[in-house]
Amino acid sequence: SQTLSAAPTDNTARWLRDVQISPDGTAVLFCYKGDIYKIGVDGGVATRLTTLPSYEAYPLWSPDGSHIAFASDRHGNYDIFVMPSCGGSARRLTSNSMPEIPAAFTPDGRHILYNAAIQKQASSMLFPHRSQTEVYKVPVGGGRPVQMLGTPAEAIVFTPDGKTMLYQDRKGGEDEWRKHHTSSITRDIWRYDLKSRRHTNLTRHAGEDRNPVLSPDGKTVYVLSERDGG
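This section reports on the structure supplied with the text. None of the values given here were measured: they were computed from a predicted structure.

Some words on the sheet that holds strand 6 (residues 56-61)
Strand pairs in the sheet, formed through backbone hydrogen bonds, run parallel or antiparallel to each other.
Working step 1: Taken together, the four strands give an open sheet; going across it, the order is 6-7-8-9, and neighbouring strands pair in antiparallel fashion. At either margin of the open sheet sits one strand with a lone partner, and together these are strand 6 and strand 9 (91-92).
Working step 2: Note that strand 8 (residues 79-84) and strand 9 share two bridges and pair antiparallel. Bridge pairing links phenylalanine 81 to arginine 92 in strand 9.

Structure, rendered in structure tokens:
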């Protein structure tokens, strides 16, 4: 395996992306130049987990920290893969011709949720655009993907009991990096009850509210927001 120094020198790597801390808080995954690396939270030397010339990105930890899921274009477009978090062979879980981006593991670790613009429901009124993805799940051990939601749901976070998930919506194709944007198309944070299939808007703000993070006890949601001049 190859290593990457994280020491603060003139040669320090820049543009590290897709940072994900492990469930036990001891390690961090990140993407650098199209490969997945792992490093301890105290810094040091990062271990390169993927080595192919393809582009690997969007890593996610499994709930027990034993595996990671990620997207790779080694077969032409992004597909979902899973591999041991200590390194090793990766298994391909999806093969659709549309890009598929991992969103979350289910709390029991048995499925991976992902976003992809593959097939709208017959009753959907959404314009069929690549920005308007659906949510699918696929077994970690391999199997048939199943559509969970026909509407966009990004940055998915499950409550500890697995009965509810939080997500940010995507109402259109607006640039996600646009600053100080205020309109009806900006993101909101929603709560989705998997049993009742009820969606509840938690923010209802004309500016951006995004990237929900749940507290360990599951009672508090932290959100990035541009309200109050932020």
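Here's the deal with the sheet that holds strand 16 (residues 189-193)
Working step 1: What the four strands build is an open sheet, ordered 14-15-16-17; its pairing is antiparallel. A strand with exactly one partner marks an edge of an open sheet, and here the two such strands are strand 14 (154-158) and strand 17 (198-201). Direction aside, the axes of adjacent strands within the sheet are offset by 25° on average.
Working step 2: Taken together, the three bridges between strand 14 and strand 15 (residues 164-168) define a ladder with antiparallel strand orientation. Counted as the bridge partner of valine 157 is leucine 166 from strand 15.

Thoughts on the environment of serine 183
Working step 1: Relative to the elements of secondary structure, serine 183 occurs in the loop between strand 15 and strand 16.
Working step 2: Along the primary structure serine 183 and threonine 50 are separated by 133 residues, whereas in three dimensions their C-alpha atoms are 40 Å apart.
Working step 3: Of the polar contacts made by the side chain of serine 183, one reaches the side chain of histidine 181; its length is 2.8 Å.

Focus on the nonpolar core
Working step 1: Core analysis: the biggest nonpolar cluster contains 13 residues, and Leu29, Ile36, Leu49, Trp61, Ile68, Phe70 and Met83 have the highest contact counts within it.
Working step 2: Of all the secondary structure elements, the ones that give two or more residues to this core are strand 3 (27-32), strand 6, strand 7 (67-72) and strand 8.
Working step 3: Setting aside anything within four residues of it in sequence, one finds isoleucine 36 in contact with Leu29, Phe30, Cys31, Thr47, Arg48, Leu49, Thr50, Glu56, Ala57, Pro59 and Ile68.

Description of a nonpolar patch on the surface
Working step 1: Nonpolar side chains collect at one region of the surface, where Leu202, Val221 and Val223 lie side by side and expose about 190 Å² of accessible area between them.
Working step 2: Among the secondary structure elements, leucine 202 is positioned in the loop between strand 17 and strand 18 (209-214).
Working step 3: With a relative accessible area of 36%, leucine 202 lands in the partly exposed category.

Topic: the side chain of glutamate 208
Working step 1: Within the secondary structure, glutamate 208 sits in the loop between strand 17 and strand 18.
Working step 2: Among all residues touching glutamate 208, those that are not within four sequence positions of it are His181, Thr186, Arg187, Leu224, Ser225 and Glu226.

Here's the deal with the side chain of threonine 186
Working step 1: Structurally, threonine 186 is set in the loop between strand 15 and strand 16.
Working step 2: Here threonine 186 falls in the buried class, since its relative accessible area comes to 1%.
Working step 3: Within the structure, threonine 186 has its side chain in polar contact with the backbone oxygen of glycine 207 (distance 3.1 Å).
Working step 4: Ignoring sequence-local partners within four residues, the contact set of threonine 186 consists of Asp169, Lys171, His181, His205, Ala206, Gly207 and Glu208.

Some thoughts on the pairing of strand 7
Working step 1: For strand 7, a buried count of five out of six residues is recorded, marking the element as mostly surrounded by other parts of the structure.
Working step 2: Taking the residues between adjacent antiparallel strands as the criterion, strand 6 and strand 7 are bridged by five residues, where glycine 65 takes a positive phi near 75°.
Working step 3: Pairing of strand 7 with strand 8, which is carried by six bridges, proceeds in the antiparallel orientation. The residue of strand 8 that forms the bridge with phenylalanine 70 is phenylalanine 81.
Working step 4: Connecting strand 7 to the antiparallel partner strand 8 that follows it, the hairpin turn spans six residues, and glycine 76 within it adopts a positive phi of roughly 115°.

Calculation criteria
Residues numbered from 1 in each chain as written. Predicted model: local features only at pLDDT ≥ 70, side-chain atom pairs only at ≥ 80, totals over all residues. Heavy atoms only, no water. Pairing = 2+ DSSP bridges. Helix = DSSP H or I, 4+ residues; strand = E, 2+ residues; numbered from the N terminus. Axes fitted to C-alpha atoms, helices over the stretch in contact; angles between N-to-C directions. Polar contact = N/O pair within 3.5 Å; in protein donor to acceptor, adjacent residues only side chain to side chain. Core = buried A, V, L, I, M, F, W, Y, C linked by side-chain atoms within 4.5 Å. Buried < 20%, exposed > 50% of the residue type's maximum accessible area, 1.4 Å probe, protein only. Contact = heavy atoms within 4.5 Å. Patch = residues over 30% accessible without salt bridge, like charges linked within 9 Å, V, L, I, M, F, W, Y side chains within 5 Å. Areas by Shrake-Rupley, 256 points an atom, 1.4 Å probe, with all protein chains shown as cover. Salt bridge = Lys/Arg side-chain N within 4 Å of Asp/Glu carboxyl O.

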